[in-house]
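The residues making up each chain are set out below.
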Amino acid sequence: MKILVLVSTTIFGVVTGFWPPHRLDYFGLRSRSRSNLFFAADESRERSPRVVVVGKIILDQYGDPCRVQNNDDVEVTIGGGGPQASWGACAGLAVRDHLLTTGGEKNQWVPVREEDRATLPPKQNVSFLAPIGLKNWSLERTNALNSLLPMLQTPPILVPSNDHITPTINIWHDENEVVNWMPVNGSFGDEGAGGLWMNRPSAQDILDAIMGHEGDVVLHAILEAGDNPTGKGLDALPFFNATLMNRVSSAGIEPIVFPDETTGRVSNEDRMGVSSLIRRVEASLSESCIGNENEKMLVVSPDRPCYSALLSDDNFSCNSEEHVCKTTEFAVRDGAKGSFVNESIIPPATLNTPDGGPINPTGAGNAYAGAYVSCRASGSSAEEAAILANAVGAVVCEYDNLPPWTWEVLDRVARAACEIKDEVRNRAVLNDA
């Protein structure tokens, strides 16, 4: 069977959107000078927040199962959303800190010197944890995953189970270029994701990953949500562990719930499940705020159908006043329409593709959420974080696979961010006229 290194993910993420306007103080270092381009000193890294991304890994078999005659011809890839979120977190931070300068309100793209292009961009202070079932995993797949994410501070931290399989799906595009997928061999049953994703990684796994880091910790996770989530919602258990939450300075969650294929709407039952998850995480984070006598931020990054469902409940507030020592922001992914800052649209970047359309949009939403949370929790304003996240999501759409970690790709993200920034500024001028 042919193994190809490609990352795909939960099917419904594309470019993004977002909400609110709060500012968070950042107690670490933000190096934006060109002189520091290749000097990511250990001391400054330890003072900067450690971003921990907790995500899923799914094996994707590309091709319509009704048309594939020989399994040896099936293209198997590593997906699931977690690798994209990790790539997005790293790309957002690297572009912001190394390729963009601040001169008042103006962000300018700083081209990388030709002689620098032979070197890889620096590693970022980001860790990635994900569960795997060993019944269908291999060392070859571990090596393939490691090669996708060379920018992490350490290789991906895999939490194995001998009793489970790593979920596998068939994924294909129909004649209308609509993405279709279906589980393979009970991959979302008890032997697959239904059992594997229950409390893996655990709070202790995450605490082990940040051991020795004395600075702030940002925890971002892709969580199954809704009325009957895969794994019974136990992938969220780390957010209710007091020891871990006391170490976390900011948190991000990307709730996964699927709208009805016909109406495009999230059911009331799923809406109630997502709302309950958000309120429970808020309460847990708020309790840790009281213990630490500080304020913390929670970023929730749903897609637009999920967010619209939440707003349809008159009793739901985007920032619950019940938990006063934490701030909740909603970074709402809105596909090709871009994002929102307060009530203003943050446009997407123009795609640099032959027809101006996405080559492969799967995973762009996960990358957006990772970029937004990592940048917002380390000092960016809501607007800056959204611009960077939109740029990251757009560039992910321009590749068949996960983009490589090169200066050329990061240059492209920086240019996309500057394009968006200019458009935001131009719209503001027109509105003021």
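Residues numbered from 1 in each chain as written. Predicted model: local features only at pLDDT ≥ 70, side-chain atom pairs only at ≥ 80, totals over all residues. Heavy atoms only, no water.

**Student:** Just to check I follow, could you spell out the pattern of salt bridges for this structure?
**Tutor:** One pass over the structure, following the stated rule, counts 12 salt bridges. The salt bridge involving Arg304 is made with Asp334; its shortest N-O contact spans 3.3 Å. Of this pair, Arg304 sits in helix α8 (residues 304-311) while Asp334 sits in the loop between β13 (326-330) and β14 (339-341), and the two are 30 residues apart along the sequence. (Salt bridge = Lys/Arg side-chain N within 4 Å of Asp/Glu carboxyl O. Helix = DSSP H or I, 4+ residues; strand = E, 2+ residues; numbered from the N terminus.)

**Student:** Would you take a moment to explain the packing of aromatic side chains for this structure?
**Tutor:** Given two aromatic rings, their pairing is described by the distance between the two centres and the angle made by the two planes. Under the criterion given, the structure shown has six aromatic pairs. Note on Trp181 and Phe258: the rings are 6.1 Å apart at their centroids and 50° apart in plane angle, and the pair reads as tilted. Here the residue Trp181 occupies a position in strand β9 (residues 179-183), and Phe258 occupies one in the loop between β11 (248-256) and α7 (268-292), the gap between them amounting to 77 residues. Given a relative accessible area of 35%, Phe258 falls into the partly exposed group. Ring centres of Phe188 and Trp197 lie 5.8 Å apart, and the angle between their planes is 90°; on these two criteria the pair is classed as edge-to-face. With relative accessibility at 1%, the residue Trp197 sits in the buried group. Among the aromatic residues, ring-to-ring pairing joins Trp181, Phe188, Trp197 and Phe258 into one connected group. The ring of Trp197 is capped by Lys56, whose NZ or CZ atom sits 5.2 Å from the centre of that ring. (Phe/Tyr/Trp six-rings, centres within 6.5 Å; stacked < 30°, edge-to-face > 60°. Buried < 20%, exposed > 50% of the residue type's maximum accessible area, 1.4 Å probe, protein only. Lys NZ or Arg CZ within 6 Å of the ring centre and 35° of its normal.)

**Student:** Is there a simple way to think about the environment of Ser276 in this case?
**Tutor:** The topology assignment puts Ser276 in helix α7. Owing to a relative accessible area of 35%, Ser276 belongs among the partly exposed residues under this scheme. On a C-alpha basis, the gap between Ser276 and Asp227 in space is 9.8 Å, while along the polypeptide they are 49 residues apart.

**Student:** Would you mind showing me how to read unusual backbone geometry here?
**Tutor:** Excluding glycine, most residues fall at negative phi; most peptide bonds, likewise, are trans. The omega torsion across Arg200 and Pro201 is -5°, close enough to zero to call that bond cis. The topology assignment puts Pro201 in the loop between α4 (193-196) and α5 (203-209). We note that Asn185 has phi near 50°; this positive angle belongs to a residue other than glycine. As for its placement among the helices and strands, Asn185 is situated in the loop between β9 and α4. One non-glycine residue with positive phi stands out, namely Lys232, at about 60°.

**Student:** Can you help me understand the packing of helix α9 (residues 364-376) against helix α10 (residues 382-397) in this one?
**Tutor:** Here α9 crosses α10 at 150°, and the two axes come no closer than 8 Å. If you check the angle between α9 and α10, you find them roughly antiparallel. When the axes of α9 and α10 are compared, the crossing they make is right-handed. Of the residues in α10, those in contact with Ala364, Ala367, Tyr368, Ala371, Tyr372, Cys375 and Arg376 of α9 are Ala382, Ala385, Ala386, Leu388, Ala389, Asn390, Val392, Gly393, Val396 and Cys397. Across the contact of α9 with α10, the residue classes break down as 14 nonpolar, two polar and one charged. (Axes fitted to C-alpha atoms, helices over the stretch in contact; angles between N-to-C directions. Parallel < 35°, antiparallel > 145°, perpendicular 65-115°, else oblique. Left-handed = near helix turned anticlockwise from the far one by under 90°. Contact = heavy atoms within 4.5 Å. Nonpolar A, V, L, I, M, F, W, Y, C, P; charged D, E, K, R; others polar.)

**Student:** Just to check I follow, could you spell out the nonpolar core for this structure?
**Tutor:** For soluble globular proteins, the rule of thumb is that nonpolar side chains tend to be buried together. If you look at the biggest cluster of nonpolar residues, it comprises 68 residues, and the most contacted ones within it are Ile57, Trp87, Val126, Leu149, Tyr372, Trp405 and Leu410. The element contributing the most residues to this core is α10, with 12 residues. Formed by 36 residues, the second largest nonpolar core is a distinct cluster that contains Leu219, Leu223, Val266 and Val300. (Core = buried A, V, L, I, M, F, W, Y, C linked by side-chain atoms within 4.5 Å.)

**Student:** Explain α10 to me, please; I cannot follow it from the model alone.
**Tutor:** One turn of an α-helix holds 3.6 residues; hence residues three or four places apart share an orientation. With 16 residues, α10 extends 23 Å between its outermost C-alpha atoms, agreeing within 8% with the 22 Å of an ideal straight helix rising 1.5 Å per residue. Most of α10 sits inside the fold, with 15 of its 16 residues counted as buried. (Expected span 1.5 Å × (residues − 1).)

**Student:** Can you walk me through the packing of helix α2 (residues 82-99) against helix α11 (residues 407-432) in this structure?
**Tutor:** Geometrically, a packed helix pair is captured by the angle between its two axes and the distance between the axes. Contact pair α2 / α11: the axes reach a minimum separation of 10 Å and the direction vectors enclose 75°. Judged on the interaxial angle alone, α11 and α2 are roughly perpendicular. Residue-level contacts link Trp87, Ala91, Ala94, Val95 and Leu99 of α2 to Trp407, Val409, Leu410, Asp411, Val413 and Ala414 of α11.

Just distances and angles here, no functional claims.
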